[in-house]
Every structure is written in structure tokens, then in C-alpha cells.
Amino acid sequence: MSDVLAVTEHRRGELRDVSFEVITAGRNLADETGGDLHLAVIGGDTESFADSLNREGVDAVHTVSEGEEFDHDVYTQAVEALHADLDPEVLLMPNSVNGLDYAPAVANSLDLPLVTDAVGLDYDDGLTVTREMYGSKVETTVEVSGDQQAVTIRSAEWPAAEGVGDAEIAEFDVDIEADDGSVVTGFEEVGGGDVDISEADFIVSIGRGIEEEDNLPLIEDLVEATDATLASSRPIVDNGWLPKNRQVGQSGKVVTPTVYLAIGISGAVQHVAGMKGADTIIAVNTDPNAPIFDIADYGIVGDLFEVVPELIEEFE
Amino acid sequence: MKVLVTVKEVAEVADDFEIAGTEVDERYLEYDLNEWDDYAVEEAVQLKENGPAEEVVTVTVGPERSEETIRMALAKGADRAVRVWDDALEEPDILDVETKTTLLEAVVEEEDPDLVLTGVQSGDDNFGATGVSLADELGFQWGAVVNALDYDEAENVAHVHRELEGGVEELTDIDLPAVLTIQTGINEPRYASLRGIRQAQSKEIAPKSLDDLGLDAGAVESDLDLTAMYEPESESDAEIFEGDASETAGKLAEVLREKGVAE
């Protein structure tokens, strides 16, 4: 019972990156528990997914051919059935939007302690999970009791597994009880609008630090003076100050400009996911401990309302 | 239709703070309504203003101090509140999902709502799991990370958008009774009006102990033990520009010119 079962994820015909990260996390953990690493892939083209998932360190891939896209009823039932069959010590799932749509139900049904959004995993006679609190201001370690546990892992915290493995690939039959109480009817791309920020070379991006909508013209002046493209972190879009197609981050756009100038952005992990691929990252923030400085190449610890007008002057 | 909204009072940590043991020292904490729950409250109040909901009730697991936050939700238009607390809840450093599920399930069974709205996550411990766990326990339908909600009264169906990663939304029809976890940006939470704040003073906040809910201390034994808390090590190798605003802006401008993105 010292095995690890990790559930993979795909969307619109493609495995998502976290599927390969969960292999790395799962393999490391299985080495510590002394067990095998089992993967589950549910729905879609399971055959080709299983081939791609057969990377170094994977002992078995279990495929459940049911449906094309994510459906939480199918995932919940399939993972529960696999768990009952394999009886693993730890169940790993992605801490993605879809992960959070089935993992808590699985944990509840199986009566497993659940720890979400893990950034580290250790096993030594028991499971210890590292996770963050208070918007990444502190890190904590949590010991989880019980013989079996469920954990969701944060994306991009573990490297993607590579190499080709020699896993056993097998179809797993589950009787899925149809439930039409929740039905996925389609997908919609967010945004529209006139600008595609993912194409921009120089992005000036703003966050909570601009405080109020009335301060937006100041930033727009900078954007005009430098011929940049304006983008933002989530709160600015949530407030309705900029349209959704300007949002950079996990739930917004991924951008890869030459320069990303982050003004008044603290650098929450969800935002960083969308902009860490920029060649050069420059941050302006009053808080010297803001996580944005951890990934910035250049920084100004200072008040944007003093710095930005000076910067505009430089280019006018 | 009755809507139950989970409302959490969360601690926010100051920019500079100290850790004492496995807690942030109380001096550096400020308490506020959980950001995600603010949107959930607004969504519920709009359902009432637009017709389908007759009553909006909030439920909070929290000590007496949290009544200030609960009053904020009442001032924004919730009709009444339930507050669950017990000395047994003082003990664990961190409440696990199972405990929160058990407590909320007991309240749902008393209140019998058609729709439960929760925030996607809380700003402090950030589990993001209670809503779906609760739905599973209740045998309700559910949807996680909802950023658009259109309730069809005739069909008793919630047409929702779930905000996936990368600018894609999933469209889902969910039969009631259901639990929906609400994402920020779904609406524009209102500020409490002075009139609302005055009215909130006379609204009911019903305290419930474990005993009141038919539970015992065993129901709140946590599987999780918070063993350490520390500030993450800074991995910064950023070159920080020194000087006043004019000097730092000058150096920044130099970099922009060097990189060829601005002239």
C-alpha cells in the first residue's frame, strides 16, 4: 500500500504541462514511500495520451476511456474506483481549476485527508506537505495523519518528467453512473478586443498598486510615451478598469515580451505563471519583499506615483 | 429559493511581520471579509434583487470577533447570519477541509437552501476545496471556479461559466440544489451603504455551538498538523536601482533603451 497514484489532465486534445509535473512529484514521492508510481488518464484519446505519459519512472498508466473532455462526475468516479483497486498510499492530483472541481469530492468520498496547492512533498514515516499561506507571504509545513492521503500539487513547481519509460499501459474498466445534473455544453475563448498582448514586445503591466481607476491615465501616458502595450494583473480586470483580454496570468494570457515592466504588481503565483517567460522583467513596487522581485532582473523599490511621471518625462 | 453563502473572516498580513511559533504574530494581522466571499455575497444579493431568491443567509465558522465581518455581509444585503463556533475549534492551528465540511453540512441541513455559494478559496489558508467537498457530502450538484452565473428559474438550472486557465471558459448547466464556488470578477461587489450598515445592526446573527448542530468534539479533530511556518527565502538576484524617483526612473529608461523597446 505504499504506491502513489497520480491523475493527469488534458484539454482539447492535449495533455496539460501539469500532467508531466505530477509524474516528477509522484516519482520522487514513490521513491520515498518505496512503492510504484501509477498514473491515471481519463477521457479523450487515452491511447496516445498513455504513450506520451510513459516517461521515465512511471510504473503503470491506467486509461479510462470515457468522454472527450473533463467531466467531474466521470473523474470522481474513475479516480475513486482506481483508488479502491490500487489502494495507494498517496493520491496526487493537479491543483488546477479542474483539479479543484473533483479532488475535494474524491477526498471526501474516500474519507482521505486532503491538502491542496502543495509546493513540496516529503515522506518519512508519514507525509509532510509544504504549502503557502497569506498570499505567498509565508510558507508552512503540514503533517498529514492517516494511512492514506490526497494532495493537489501546484503547477510549475516540479520539473516536467522526461525520457521514455517502460510502463505497463492498461485499460481500466469503470462502470460510470451517468449523472446529467451537471452537463458541460461548450467552451468559450475569453476576451475579444483589439489588442493581442501575447504578441507585444514591450508590456507595461499594472496591478493593485495603482489603487484606483482615476490613476489609469497616468499609466496610459507612459504607455503612449514609450509606445508600449498595456496589460494588467487580475484585480484590475476584476474591477472592470481594463477589459479581460489585457489580463496576464494563469487565467488570462501568457505573454513573452522582450521587456515586461510590472508596476504595482506584487507577483502572486497566478500572475507570474503568465509572464515569467519575458526576456527582461522590471518591477516597480513599494514593498521590497514583494515576490515580483524574486523573478525581476531590475527593480525599483519606490512609489509608482513618483517614479512613473519621471519616467514619462524621460521619453517625452 | 433560499441562498446560503459561506462567509469567512480572513487574516491579512502586513508587509513587514514576525512569526511566533507556527503563527504570524497577532500584531501584524488585520481581519477582513474574504475577497472571494465578497463576490459570492454580491452574487446572492443580486439573485434576491432580481427575483429568484427570497432569502440570503450567510454562514461563518469563526469566533465572536468575526461578527464585525459578518455585519459587513449583512450590510451588503444578506438577510441574516449563522455563526458556528466552539471552544473545541480554538485548538487546531489549521482547520482541515473535512472539519469545515462537517460543520457546514450541519448548517445546510438546518437551513435547507437551494443554492450554496462559497468563494473559490480563502485569502489566508487558501485551500480552495470546501465548496466541492461540501457538495459531495450533501449529494448536491456543484461547479468550481464560476465566473458567470445565469439562473433559469423555469428549469431550476444554473447556467455557469467556469474559468479555466489560459483565457478559456467552460460552459456548464448545473441543476439545483447545488454548490457553486465563486471566482472574483463575476460581478462588482458593492460597498455597504450607511443605511445598510445601520440596518445590519438589527439583523440576526445566530450563534451555533457543536452541540447545537448535533456534533461533538470528535467532529473537529483535524488530520492536519501545522508544524512550521517561515518566510520563504528570497531568491532575488534583481539589480535594484538606488536613488530618488528621478534617478531610478533615469536608470530604468536606460535599460528600456538598451533593450531597444523604447526610444
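This report concerns the structure included in the present document. (Residues numbered from 1 in each chain as written. Chains lettered and ligands numbered in written order. Predicted model: local features only at pLDDT ≥ 70, side-chain atom pairs only at ≥ 80, totals over all residues. Heavy atoms only, no water.)

**What to know about the overall build of chain A**
We count it as follows: Numbering of helices and strands runs from the N terminus; a helix is a DSSP stretch of H or I covering at least four residues, while a strand is a stretch of E covering at least two. Buried, partly exposed and exposed residues are distinguished by accessible area as a fraction of the type maximum, computed with a 1.4 Å probe on protein chains only: under 20%, between the cut-offs, and over 50%, respectively. Contacts were defined at the residue level, with two residues in contact if any of their heavy atoms lie within 4.5 Å. Positive: Lys, Arg. Negative: Asp, Glu. His and the chain ends are not part of the count. Where a charge sits is defined by one atom per residue type, namely NZ (Lys), CZ (Arg), CG (Asp) or CD (Glu).
Secondary structure summary: chain A contains nine helices and 18 strands in total. Along the three orthogonal principal directions, the C-alpha set of chain A runs to about 70 × 45 × 35 Å. Here chain A holds 316 residues, and the buried ones make up 60% of them. Within chain A, contacts between residues separated by at least 24 positions form 65% of all contacts whose residues are at least 6 apart in sequence. Put simply, chain A has 14 plus and 67 minus side-chain charges, and the middle of one group is 4 Å from the middle of the other.

**Here's the deal with the sheet that holds strand S10 (residues 138–144) of chain A**
Here is the rule we go by: Following DSSP output, two strands are said to pair if at least two bridges run between them. For helices, the axis comes from a line fit to the C-alpha atoms of the stretch in contact; other axes are also lines fit to C-alpha atoms, and the angle between any two N-to-C directions lies between 0 and 180 degrees.
Across the sheet, which stays open at both edges, the four strands sit in the order S8(A)-S9(A)-S10(A)-S14(B) with antiparallel pairing between neighbours. A single partner strand is all that each edge strand has here, and the edge strands are strand S8 (120–123) of chain A together with strand S14 (224–230) of chain B. Recorded for the sheet is a direction-independent mean angle of 25° between the axes of neighbouring strands. In terms of strand pairing, S10(A) meets S14(B) through six bridges, oriented antiparallel.

**Quick notes on the packing of aromatic side chains**
Going by this rule: Stacked, tilted and edge-to-face are the three classes assigned to paired rings of Phe, Tyr and Trp, where Trp is represented by its six-membered ring and a pair needs centres within 6.5 Å; plane angles under 30 degrees give stacked, over 60 edge-to-face, the rest tilted. Note on criteria: charge over ring means Lys NZ or Arg CZ within 6 Å of the ring centre, with the direction from the centre no more than 35 degrees off the ring normal.
The full count for this structure, using the stated rule, is four aromatic pairs over all chains. On the basis of an interplanar angle of 45° and a centroid distance of 5.9 Å, the ring pair of Phe70(A) and Tyr102(A) is categorised as tilted. Of this pair, Phe70(A) sits in the loop between strand S5 (60–64) and helix H3 (72–86) while Tyr102(A) is found in helix H4 (residues 99–110), placing the two residues 32 residues apart along the sequence. We note that Phe70(A), like Tyr102(A), is buried. When the ring centre of Phe127(B) is taken as origin, the NZ or CZ atom of Arg131(A), which lies over that ring, is 4.0 Å away. The side chain of Arg65(B) reaches across the aromatic face of Tyr31(B), ending 3.7 Å from its centre.

**Things to note about the interface of chain A and chain B**
Condition: Here a salt bridge means any side-chain nitrogen of Lys or Arg lying within 4 Å of a carboxyl oxygen belonging to Asp or Glu. In protein, a polar contact means a hydrogen-donor-capable atom and an acceptor-capable atom, both N or O and within 3.5 Å, with residues adjacent in sequence counting only if both atoms are side-chain atoms; elsewhere, any N or O pair within 3.5 Å suffices. For this classification, Asp, Glu, Lys and Arg are treated as charged, while Ala, Val, Leu, Ile, Met, Phe, Trp, Tyr, Cys and Pro are nonpolar and the rest, including Gly, are polar.
Taken together, the 82 residues of chain A in the interface contact 81 residues of chain B. In this assembly, chain A and chain B are joined by nine salt bridges. Glu163(B) is the partner of Lys244(A) in a salt bridge, and the nearest nitrogen-oxygen pair spans 3.3 Å. Across the chain A-chain B interface, the total number found is 42 residue pairs in polar contact (both at pLDDT 80 or more). For the side of chain A that touches chain B, the element with the most residues is strand S13 (residues 182–189) of chain A, which contributes eight residues. Considered class by class, the residues forming the side of chain A that touches chain B number 30 nonpolar, 26 polar and 26 charged.

**Here's the deal with the sheet that holds strand S8 (residues 115–119) of chain B**
Strand pairing in a sheet relies on backbone hydrogen bonds, with the paired strands running either antiparallel or parallel. Sheet architecture is open: 10 strands sit in the order S13(A)-S11(B)-S10(B)-S9(B)-S12(B)-S8(B)-S1(B)-S6(B)-S7(B)-S13(B), paired in mixed fashion. Strands at the two margins of the open sheet, each flanked by one partner only, are S13 of chain A together with strand S13 (205–208) of chain B. Averaged over all pairs of adjacent strands, the angle between their axes in this sheet comes to 35°, without regard to strand direction. Here S13(A) pairs with strand S11 (residues 168–175) of chain B via seven bridges, running antiparallel. Directly across from Val183(A), in S11(B), lies its bridge partner Asp173(B).

**With respect to the nonpolar core**
Where a protein is soluble and globular, its nonpolar side chains tend to be buried together. Which entries qualify depends on this criterion: We define the nonpolar core as a collection of buried residues of types Ala, Val, Leu, Ile, Met, Phe, Trp, Tyr and Cys that are connected through side-chain atoms lying within 4.5 Å of one another.
Counting residues in each nonpolar core, the largest one holds 71 residues, and the members touching the most others are Leu92(A) and Leu121(A). Excluding residues that lie within four positions of it along the chain, Leu121(A) makes contacts with Ala25(A), Leu29(A), Glu32(A), Leu92(A), Leu127(A), Thr128(A), Val129(A), Val151(A), Ile153(A) and Trp158(A).

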